[in-house]
Every structure is written in structure tokens, then in C-alpha cells.
Amino acid sequence: MSIPFFRYPHLFAQQRDEILAAMTAVMERGAFILQSDLVEFETALASFTGTLHALGVANGTDALIIALRAAEIGPGDEVIVPSHTYVASAASIHFAGATPVLVECGPDHMIDPGAAAAAVTARTRAIMPVQLNGRTCDMDAIQSIADRHELLVIEDAAQALGSRFKGRSAGSFGAAAEFSFYPAKILGCFGDGGGLTTNDPEMARKMALLRDHGRDENGTVVTWGLNSRLDNLHAAVLNVKFQQMDMEIARRRQIARLYREGLGSLEDIVLPPGPDDDPDHFDVYQNYEIESGRRDELRAALEKDGVRTIIQWAGKPVHQFEGLGFSDVRLPFTDQLFTRCFLLPMNTSLTDDEVGYICDRVRKFYGA
Ligand SMILES: Cc1ncc(COP(=O)(O)O)c(C=O)c1O
């Protein structure tokens, strides 16, 4: 068997006719920027996340920058963010003019609340929890640190649309939250796309200005802004794909169950929590990040057997990238995790047989 990490053509093949019809309709109407498909999408995103306001923007990174700027976070301010994240989380803080303060993750791979609390200084303005791999972190712990120190919470929920903590959706906590609709995301368009959610009408108003040249509904420029609108064509594609979200999530959770059945007994392997393990968490498995004490050997063996795996962020947490200025930052837990963690394929193009084959190959590697 040959199992790629991700099958991009599947994204189109899955709903070919509906997608072509939706895109054709947009192009025939000549409705390209800030049109009804975008409004429809924003309404659906707000309703799906249980928030009052949602906006489509050009990509997830811009969404984070816009959220930070709308919260008036900038030069002289610090924002606490885990190092186990895509560079975009830290980059957004940098481009808002503030300083990213990188902290450890915990055994669950999510921001370590103790480390976040210890990193608070007089300059800290916000915590940016990253809802990693399709799981919403313990938002009670994050919110209590924020309340104690009067900090804002800006959620990086790029990887977690549909996940919930204690019944509340990723994207509904804090001052504002960001989503990414990069093609490989649970809800992906055919290029870059991003979203913002908030329950605060003032944040929503400021973020809407920031994504469209600072223009109000009459076209008057009332402040400085960016050009960061989600294309109407992409919104139309996302509207089609949104109809399959429940199926998409259910299938990912089913694959997670199959991985647990196949790999749960291997002592050297640490798996993500199972879909039914903890009633506080509803996970959507954007990624399936596992740990192995023999990671590099295991990955090489899987590659030989036709199974393609990857390590997130090209193998390094943010603080390890030379050139970003974090050479003084010491995060031993995250460093250790990055000698062990990697992603098995997790997407809805996988068949049960393929998941079975992957489990079989991993077990064979361990002689089980
Ligand atoms: C955790 C995380 N944050 C932020 C982003 C940025 O999103 P985008 O690629 O849409 O700019 C991503 C996307 O890959 C992500 O995974």
C-alpha cells in the first residue's frame, strides 16, 4: 500500500458537482468581493461556533493580527503563547508590534497553564492559547489566569473548528478567536482563507474595519486598515463544505477510535486521548499527533512500508528556529517532546483498510 499524508485532490473530488455549481454561480453573477456568499458563510460560522459575530478574512495569520490590533495590543505589550504551534501564532504577535513570550506545553501537547501563569509580567496583555490538533484546551485554567491578571484571551483556533470544551465551542472563549481555512484544515478552501469570531460587538466592529481598509459601511475610511477579506469565491466553496462538517468530524473521530484499537496496547507509543475518554472534551482530530521513544526509526520503517508521516512545523517548535530571536528561551519539555512527536495520516480520504494497514505496520515495527 502507499498512503500519502494527505490527498489534496480528494478535497475537490468529494463534492465536485456542488463545488463547481457554487463557483460557477459566483462567477456568473460577477460577485467577487464582500458579497452575499461571504455574509452567508459568516452567519454559518457564528452559528456553528455559538458566537455573536463572525468575519471571513484572507487567512488565519491575518485573522490573529487583526484580533490583536482590534484589542489594541501593540508595542511594549507581551502576549503569552505556546512554542508548540505554527510560527503564525508568534508571527501575528510580532506583526502587531508586541512581543511573543513562548511557553511550554504540557503532556497533552497544549499550552501548560502553570507555565503561562509563571510567564505573566507587568507588560503582559494577553494569553493566546492554541487549540492544537483539533482539541480545545482547558479554558477554565486559561481564563482563571487571565481573570487573575486582567489579561485578554485571544484564541488561536486555527486547528479546532468544531471542537468543544465543557460544551462550548473553540472560538467562543475570550475577546476574539481565529480560524484557518487552509486547504488541509477540517474546513478548507482552495487556497488561503481565515475567520474571526467574537461575542463582543465592539471587537467585531473594529475587526470588520481592520480587514477592509478601515472603511465603514458607507465606504468612509475611519481608521487605518488592511486588505484582508475572504474572497467571495472561497466563501461559496466553504458554504458547500460546511454542509459536510458533521460527517467530516464524525469520520475523523471514527479514525481516532480505530487508531486507539490498533495501537492502544503498544507501551512505547503515546496516543492522543480517545474521542470518548473525557466528557469535558469533544475533539475533532485535525491531526493525530502521537509520541514514540523510537520516533525516527519508526517513521523510517513506515516510510519504507509506504506510509507517509510528518512532524509538525517542519520538525521544530517556534523557539528552535534560529533567526526569530529566541536563542535565550529554554523550554526543555517542548524540546523533549519534539524528539518524540509526529503525525500519522488523519483525514477523511483514509479507508478503514488503510488505517488498519498503518496500525499493522506500527505493530510490526514493535514486533507486536
Ligand atoms: C495553529 C495555527 N495557527 C495559525 C495558523 C495560520 O493560519 P493560515 O495558514 O491560514 O494563515 C495555522 C495554519 O496552518 C495553524 O495551524
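### Quick notes on unusual backbone geometry
- Phi is positive for His109, close to 75°, though the residue is something other than glycine.
- According to the relative accessible area criterion, His109 is buried, its value standing at 7%.
- Its identity as a non-glycine residue notwithstanding, Glu150 has a phi of 55°, on the positive side.
- Mapped onto the elements, Glu150 comes out in the loop between helix H7 (139-149) and strand E5 (152-156).

### Things to note about the nonpolar core
- Counting residues in each nonpolar core, the largest one holds 80 residues, and the members touching the most others are Ile154, Met207, Tyr259, Tyr288 and Leu344.
- When sequence neighbours within four positions are dropped, the list of residues in contact with Tyr259 reads Gly264, Leu271, Tyr288, Leu344, Pro345, Leu350, Val355, Ile358 and Cys359.

### Points about the sheet that holds strand E11 (residues 281-282)
- Reading across from one edge, E7-E6-E11 is the order of the 3 strands in this open sheet, with antiparallel pairing throughout. Each of the sheet's edge strands pairs with one partner strand only, and the pair in question is strand E7 (168-169) and E11.
- Where strand E6 (residues 164-165) and E7 come together, 2 bridges link them in antiparallel fashion. Within E7, the position partnered with Arg164 by the bridge is Ser169.

Cut-offs used in this document
- Residues numbered from 1 in each chain as written.
- Predicted model: local features only at pLDDT ≥ 70, side-chain atom pairs only at ≥ 80, totals over all residues.
- Heavy atoms only, no water.
- Buried < 20%, exposed > 50% of the residue type's maximum accessible area, 1.4 Å probe, protein only.
- Helix = DSSP H or I, 4+ residues; strand = E, 2+ residues; numbered from the N terminus.
- Core = buried A, V, L, I, M, F, W, Y, C linked by side-chain atoms within 4.5 Å.
- Contact = heavy atoms within 4.5 Å.
- Pairing = 2+ DSSP bridges.

Remember that the coordinates give geometry; whether it matters functionally is a separate question.
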